[in-house]
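What the coordinates show
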Amino acid sequence: MRQFELIAPCHFGLEAVLKREILDLGYEISKVEDGKVSFWGDEEAVAYANMFLRTAERVLLKAGEFKACTYDELFEKTKALPWEEYIPENGKFWVKKASSIKSKLFSPSDIQSIMKKAMVERMKQKYHREHFEEDGVSYPVRVSLMKDIVTVGIDTTGVSLHKRGYRKLQSKAPISETLAAALIMLTPWKKDRILVDPFCGSGTFPIEAAMMACNIAPGMNRSFLAEDWTNLIPRKHWYNALEEAQDLVHMEESLDLQGYDIDPEVVKNARENAAAAGVDHLIHFQQREVEKLRHPKKYGFIITNPPYGERLEEKEMLPGLYRQIGEVYEKLDAWSMYLITSYQDAERYIGRKADKNRKIYNGMIRTYYYQFLGPKPPKRREGETR
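Residues numbered from 1 in each chain as written. Predicted model: local features only at pLDDT ≥ 70, side-chain atom pairs only at ≥ 80, totals over all residues. Heavy atoms only, no water.

1. What to know about the overall build of the chain
Heads up, the rule is: Runs of E in the DSSP output that reach at least two residues are strands. Runs of H or I that reach at least four are helices, and both are numbered from the N terminus. Using C-alpha atoms as the atom set, the radius of gyration is obtained and then compared with a globule rule of 2.2 Å times the number of residues to the power 0.38. What makes two residues a contact is simply this: any of their non-hydrogen atoms within 4.5 Å. The Shrake-Rupley method, run with a 1.4 Å probe, gives the accessible areas here. Residue values count only the displayed protein chains as cover. When charges are tallied, Lys and Arg are placed among the positive residues and Asp and Glu among the negative ones, while His and the ends of the chain are skipped. The atoms used to mark charge sites are NZ of Lys, CZ of Arg, CG of Asp and CD of Glu.
Helix and strand counts for the chain come out as 11 helices and 14 strands. In terms of C-alpha radius of gyration, the chain reaches 23 Å, essentially the compact-globule figure of 21 Å for 386 residues. Long-range contacts, defined here as pairs at least 24 residues apart, represent 76% of the contacts in the chain between residues at least 6 apart. Carbon and sulfur atoms make up 49% of the accessible area of the chain, which amounts to about 18200 Å² in all. Side chains of the chain carry 58 positive and 57 negative charges; the gap between the two charge centres is 4 Å.

2. Describing the side chain of glutamate 43
We apply this condition: Only protein chains enter the accessibility calculation, which uses a 1.4 Å probe. A residue is then buried if its area is under 20% of the maximum for its type, exposed if over 50%, and partly exposed in between. Each reported salt bridge corresponds to a side-chain nitrogen of Lys or Arg within 4 Å of a carboxyl oxygen of Asp or Glu.
Summarising the element assignment, glutamate 43 is placed in helix H2 (residues 43-52). It is arginine 2 that comes nearest to the buried, bridge-free glutamate 43 among opposite-charge side chains, at 6.6 Å.

3. Some points on the packing of helix H5 (residues 177-185) against helix H6 (residues 204-213)
To keep things clear, this is the line we draw: Axis angles are defined between N-to-C directions and span 0 to 180 degrees, where every axis is a line fitted to C-alpha atoms and, for a helix, only to the segment in contact. Roughly parallel means an angle under 35 degrees; roughly antiparallel, over 145; roughly perpendicular, 65 to 115; everything else is oblique. Crossings are assigned a handedness: left-handed for a near helix turned anticlockwise from the far helix by less than a right angle, right-handed for a clockwise turn.
Relative orientation of the contacting elements H5 and H6 amounts to 65°, with a least axis distance of 9 Å. The angle between the axes of H5 and H6 places the two elements in the roughly perpendicular class. Between H5 and H6 lies a crossing of right-handed hand. The segment H5 lies against H6, with Glu177, Ala180, Ala181, Leu183, Ile184 and Met185 engaging Thr204, Phe205, Glu208, Ala209 and Met212.

4. A short note on the sheet that holds strand E7 (residues 149-155)
Condition: What makes two strands pair is DSSP finding at least two bridges between them.
If you trace the 7 strands from one edge of the open sheet to the other, you get E2-E3-E1-E4-E7-E6-E5, paired in mixed fashion. Of all strands in the sheet, those with a lone pairing partner are strand E2 (28-33) and strand E5 (92-101), marking the two edges. Averaged over neighbouring strand pairs, the angle between their axes works out to 30° when direction is ignored. With 9 bridges connecting them, E5 and strand E6 (residues 138-146) associate as parallel partners. When the bridges of E6 are listed, lysine 97 appears paired with arginine 142. Of the strands in this sheet, E5, E6 and E7 touch helix H4 (residues 108-127), which is tilted by about 140° from E5.

5. Looking at unusual backbone geometry
Residue histidine 128 is not a glycine yet carries a positive backbone phi of 55°. Here histidine 128 is to be found in the loop between H4 and E6. A residue is classified by how much of its surface remains accessible, and histidine 128, at 70% relative accessible area, is exposed. A positive phi angle is found at aspartate 148, which is not glycine, with a value near 75°. Residue placement: aspartate 148 occurs in the loop between E6 and E7.

6. What to know about helix H1 (residues 15-25)
Every α-helical turn comprises 3.6 residues, leaving residues that sit three or four positions apart pointing alike. Convention followed: The directions considered for the arc are those from the helix axis to the C-beta atoms.
For H1, the set of buried residues is Glu15, Val17, Leu18, Glu21 and Ile22. For H1, the angular spread of buried residues about the axis comes to 160°, placing them on one side. Two residues or fewer past H1, glycine 26 is found with a positive phi of approximately 100°.

7. A closer look at the layout of surface pockets
Rules: Computed over the protein atoms alone on a 1 Å grid, cavities are sets of points where a 1.4 Å probe fits but cannot get out and pockets are open sets with protein on both sides within 12 Å along at least five of seven lines; a residue lines them when it has an atom within 4 Å of a point. Grid points are joined across faces, edges and corners, and a volume is the space filled by probe spheres set on the points. Each residue receives one of three labels: charged for Asp, Glu, Lys and Arg, nonpolar for Ala, Val, Leu, Ile, Met, Phe, Trp, Tyr, Cys and Pro, and polar for the others, Gly being one of them.
Each pocket or cavity is described by its volume, and for the largest pocket that value is around 1300 Å³. In this structure, the largest pocket is lined by 35 residues; those nearest its centre are Pro9, Cys10, Phe12, Gly35 and Ser99. Contributing elements (two or more residues each) for the lining of the largest pocket: strand E1 (3-9), E2, strand E4 (60-67), E5, E6, E7 and strand E13 (356-362). With 5 residues, E6 is the single largest residue contributor to the lining of the largest pocket. For the lining of the largest pocket, the residue count by class is 14 nonpolar, 10 polar and 11 charged.

8. A few points about the sheet that holds E13
Taken in spatial order, the 7 strands line up as E10-E9-E8-E11-E12-E14-E13 in an open sheet, and their pairing is mixed. The strands lining the two open edges of the sheet, one partner per strand, are strand E10 (283-287) and E13. Taking the axes of each pair of neighbouring strands and ignoring which way they run, one obtains an average angle of 20° across the sheet. The sheet contact formed by strand E8 (residues 195-197) and strand E9 (residues 257-261) spans 3 bridges and is parallel. Note on E9: the bridge partner recorded for valine 196 is glutamine 258. Along the sheet, helix H8 (residues 264-277) contacts E9 and E10; its crossing angle with E10, the most-contacted strand, is approximately 165°.

9. Structural notes on the environment of phenylalanine 285
For phenylalanine 285, the location among the structural elements is in strand E10. It is 4.7 Å that separates the C-alpha atoms of phenylalanine 285 and glycine 259, two residues lying 26 residues apart in sequence. Each residue touching phenylalanine 285, except ones within four places of it in the same chain, is listed here: Cys200, Gly203, Pro206, Gly259, Val267, Ala270, Arg271 and Ala274.

10. Brief notes about the nonpolar core
The criterion, for reference: For the purposes of this section, nonpolar cores are sets of buried Ala, Val, Leu, Ile, Met, Phe, Trp, Tyr and Cys residues that join through side-chain atoms within 4.5 Å.
Core analysis: the biggest nonpolar cluster contains 98 residues, and Ile22, Leu74, Trp83, Val152, Leu183 and Val279 have the highest contact counts within it. Not counting the four nearest positions on each side in its chain, leucine 74 is found in contact with Phe66, Ala68, Leu105, Ile111, Ile114, Met115 and Val150. Among the nonpolar cores identified, the runner-up in size contains 25 residues, and Leu293, Tyr322, Trp335 and Ala346 belong to it.

11. Looking at the environment of methionine 51
Considering the arrangement of structural elements, one finds methionine 51 in helix H2. You can call methionine 51 buried: its relative accessible area is 3%. Separated by 43 residues in sequence, methionine 51 and tryptophan 94 have C-alpha atoms that sit 25 Å apart. Ignoring sequence-local partners within four residues, the contact set of methionine 51 consists of Ala217, Pro218, Gly219, Met220, Phe224, Ala241, Leu242 and Ala245.

Read these as layout, nothing more, since geometry by itself doesn't imply function.
Right, dumping it as structure tokens:
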């Protein structure tokens, strides 16, 4: 099978989590950079990476990489890439997105139009024709420039991988499915431990946790752009990936996952999202204020995305809210708490310093993942349940 270099973009600060996922799938890492992990894989890897990666935003097939400081250079080096090896004669191709950081070429629209012209010129030479109908399958190109190095990838995913297909309804400030999955993976939570999100919003944290516990592949209930690239990836690889994903599902009936929110409409939406994901029977959603959070068991986890105060009307309530979070956590016996927020005074009002703190970009917002670590539970004896 043909080998490709594939690029998986992710949230800034979560590259190590994605790298571990790719290694667990059995692929070799070629490079780890800010906001992306590159790896080697064959035709089958394109299908499997799209189906199974929980923390990647998409999977790009790398078409080339080169240095360009002028638009002439960009044109000639784009034209030199073997586009005909990827895009058939009737393929629809365009530069869907261009980004530029610390580079001499910085206009996305100019980069897009020049690269499209270069691609057309290459295709003219190779296919011996002057005009392309572009009425076939889509091959959108994504380009990033970093310090004048141009990385060119063809998008195999289409709609971003955070769109699992279950979140039809969302709250005002939802956390993406890929980010929620990565944040859970940064904790030692296991399926035999309690997980509570007291600001559950769309229900993303408990739903992603349930999907992990039951081994439900994140791409099982959606389609991918490259499924139609029969010139590059035989359809059998997509069928095999889906069949394997279905075989791996194991419904865990004894999970203790809970999601609370003060807004009853939000709770209703979270239940509907969980039902769409096929895990609504595994999660207890309830309308409840954060100060009423209690639990008699030990060694549980709070994993949550509380309000940041991005809207002006929220800012005044934040000190009291974070104080409540701290008081609730103080009363829970031997629990751990993980919360993501951009609120700079979070630790001050929670009343204690986090054991660990990780900087993560949630979109364009710089956030911190505060990690308050509870004690580990004692090791179980043979046949003992917790």
